[in-house]
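A closer look at the structure
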Amino acid sequence: MDDLEGQRVAVLEKKKMLKKQKQDEFRAQRKLSMYASVTNIIPNLDDQSRVMGYIVDRDTKAVQNFEIDAEKVTAYETCNSIWKMITP
Amino acid sequence: MDTKPEESVRSKMESLKLACDREIPAHLQKADSAAAALRESLASIRARVQETVHCQGKLGQVKAKLREAEEELFKALAAKTRKETKRMAMTDAIAARKARIDELRRVVQDQRAKRDEYGAILSQQFSESEDRSIKDSKEEIEEVISWYNKVLGFYIEGGHGVRFTFKNINLKNPDEEFCFTVRHANDVYTLIDCDPHLNEIKELLDELNRTNGLFKFVRDMRQRFQEAASRGLPMVMHQEYSTISGSAPALSMSTVRSESFAKSHEHHQVQHEKPDRQVKKLSPGKWNKSQSLSPGSALSLRRSPRFKVKK
């Protein structure tokens, strides 16, 4: 009976933890959505040596790929060239 | 004639006397033996009497002991009766307890069966895979957010309004932070904070409240920061911000500032020495409807590994 009670408590704690994890996950998803919506960019993380991604035009529903060799340009230039692409 | 009968009587008397004289010693002897027997008998009786008296004394003692024994017997009987009653009561109680134990055993068996059943259900519900998937999902999201932070020098922090921070604005100091905070309440966007202050952003704010285009507003603000930085960031006085009504965007901004953001708000600035640009625009393709950048679609993107987009 003690074991059952212990299990019940453990389950409740786990449930609470899962709820919190889901809330955190939901919050992170909302934040990610805000990043993507402001920048219109979906990054492509397949190749860490290159800066790659997709610029999405929601009005025309068109997607444009971009790829920058991170070893040949500075982070400042990479950053601003991408911002230029999304801020015509 | 008269002398003859007298003589005959006398002779008879004489003979009788002789006979009596002969019998007297026998009788005397009998009387002596009888007296002796009587004396013996009396002595025997006396001894018996004494013995009887002695026995009577013993009998009194024995009777007293018997009474004591009887009293003890009564006490013992009473105790035995009490104990018997108690034993019967205990027997009943034991029987009741045994019945209760049997009942409890059945309950325990039922409970164990239920526990095993529930345990199986719970282990299915709260499997490690669910934990893992949530963690993986969160890690993936954090990885992508980190990409925005590192590559675009762009940070978002929720709290009393939403704070947008930019880096890589000032060529001379790429790590310098430019930020502003927008709050949306009662259908009105308010610029709570702008560091450094910018001139002529009232129009932008008016447009924001008119069009509800927060995302464009953020991009425009970065451009204004960049223009101001290229001009040498003139300091301006406090300005009033527009409070024209507008409907809320998809993402509410009255959220509480996330603590986790502070952790993720790390400096991921990567400096490269080679100055020549290698920006290459690739051919545009059609964007799938399900991959739009609304909050809902961001979730579906999350599920695909590395946020790959179908070409």
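Refer to the structure presented above.
What comes next is a walk through the structure. (Residues numbered from 1 in each chain as written. Chains lettered and ligands numbered in written order. Predicted model: local features only at pLDDT ≥ 70, side-chain atom pairs only at ≥ 80, totals over all residues. Heavy atoms only, no water.)

**Describing the overall build of chain B**
Filter applied, for reference: Counting from the N terminus, the helices are the DSSP runs of H or I reaching at least four residues and the strands are the DSSP runs of E reaching at least two. Residue exposure (1.4 Å probe, protein chains only): buried if accessible area is under 20% of the type maximum, exposed if over 50%, otherwise partly exposed. Only heavy atoms enter the contact rule, under which two residues are in contact if any of them lie within 4.5 Å. Using the Shrake-Rupley algorithm and a 1.4 Å probe, accessible areas are obtained, with residue cover drawn only from the displayed protein chains.
Within chain B one finds six helices and five strands. When the helices and strands of chain B are read in sequence order from the N terminus, they spell out α-α-β-β-β-β-α-α-α-β-α. Counting all 311 residues of chain B, 26% fall into the buried class. Considering only intrachain contacts with a sequence separation of at least 6, the fraction spanning at least 24 residues in chain B is 57%. Roughly 21,900 Å² of accessible area belongs to chain B as shown, and the carbon and sulfur atoms make up 55% of that amount.

**Concerning helix H4 (residues 214-231) of chain B**
Residue and element names in this part refer to chain B. The line we're drawing: Here the expected length of a helix is defined as 1.5 Å per residue gap, with one fewer gap than residues.
For H4, with 18 residues, the first-to-last C-alpha span of 25 Å sits near the 26 Å given by 1.5 Å per residue. Residues of H4 that are buried: Leu214, Phe215, Phe217, Val218, Arg219, Asp220, Met221, Arg222, Phe225, Ala228 and Ala229. Two residues or fewer past H4, Gly232 is found with a positive phi of approximately 100°.

**A word on the packing of aromatic side chains**
Test applied: Side-chain rings of Phe, Tyr and Trp (the six-membered ring for Trp) are treated as a pair once their centres are within 6.5 Å; stacked means planes under 30 degrees apart, edge-to-face means over 60, and tilted covers the remaining angles.
Per the counting criterion, the structure on display carries 13 aromatic pairs over all chains. Residues Phe166(B) and Phe225(B) carry aromatic rings whose centres are separated by 6.2 Å and whose planes lie at 55° to one another, so their mutual orientation is tilted. Here the residue Phe166(B) occupies a position in strand S2 (residues 161-166), and Phe225(B) occupies one in helix H4, the gap between them amounting to 59 residues. Considered together, Phe166(B) and Phe225(B) belong to a single accessibility category, that of buried residues. In textbook terms, an aromatic cluster arises when at least three aromatic residues are bridged by ring pairs, as seen for Tyr35(A), Trp83(A), Trp147(B), Tyr148(B), Phe154(B), Phe164(B), Phe166(B), Phe178(B), Phe180(B), Phe217(B) and Phe225(B).

**Some points on the nonpolar core**
Formally: Nonpolar core, defined: a set of buried Ala, Val, Leu, Ile, Met, Phe, Trp, Tyr and Cys residues in which side-chain atoms within 4.5 Å join the residues together. Residue ranges labeled as domains rest on an automatic or database domain assignment.
Core analysis: the largest hydrophobic core is formed by 52 residues, its most contacted members being Phe154(B), Phe164(B), Phe180(B) and Phe217(B). Counting residues per element, this core draws most heavily on H4(B), at eight residues. Here this core spans two domains, and each of domain 1 (1-39) and domain 2 (40-88) of chain A adds at least three residues to it. Those residues within four positions of Phe180(B) in sequence are excluded, and the remaining contacts are Val162(B), Arg163(B), Phe164(B), Phe166(B), Leu191(B), Asp193(B), Cys194(B), Phe217(B), Val218(B), Met221(B) and Phe225(B).

**Regarding the state of the cysteines**
Residue and element names in this part refer to chain B. Applicable threshold: The disulfide criterion used throughout: a pair of cysteine sulfur atoms within 2.5 Å.
Using the criterion set out here, one finds zero disulfides over all chains in the structure. There is no disulfide at Cys179, and the cysteine sulfur nearest it, in Cys194, is 7.6 Å away. The exposure class of Cys179 is buried, given its relative accessible area of 4%. We classify Cys194 as buried; its relative accessible area is 2%.

**Some words on the sheet that holds strand S1 (residues 154-159) of chain B**
All names here are of chain B. Heads up, the rule is: The criterion for strand pairing is that DSSP finds at least two bridges linking the strands in question. Lines fitted to the C-alpha atoms define the axes, with helices restricted to the stretch that makes contact. Angles between their N-to-C directions range from 0 to 180 degrees.
Strands sit in the order S1-S2-S3-S4 across an open sheet of four strands; the sheet is antiparallel. Each edge of the open sheet carries a strand with a single partner, namely S1 and strand S4 (188-195). Across the sheet, the mean angle separating the axes of adjacent strands is 20° when strand polarity is ignored. Across the face of the sheet, H4 comes into contact with S1, S2, strand S3 (178-185) and S4 while running at roughly 150° to S3.

**Comments concerning unusual backbone geometry**
Residues and elements named next belong to chain B. With an omega of 0°, the peptide bond between Asp195 and Pro196 qualifies as cis. On the secondary structure map, Pro196 appears in the loop between S4 and helix H3 (202-211). With a phi close to 65°, Asn212 is a non-glycine residue in the positive phi region. By relative accessible area, which is 18% here, Asn212 ends up buried.

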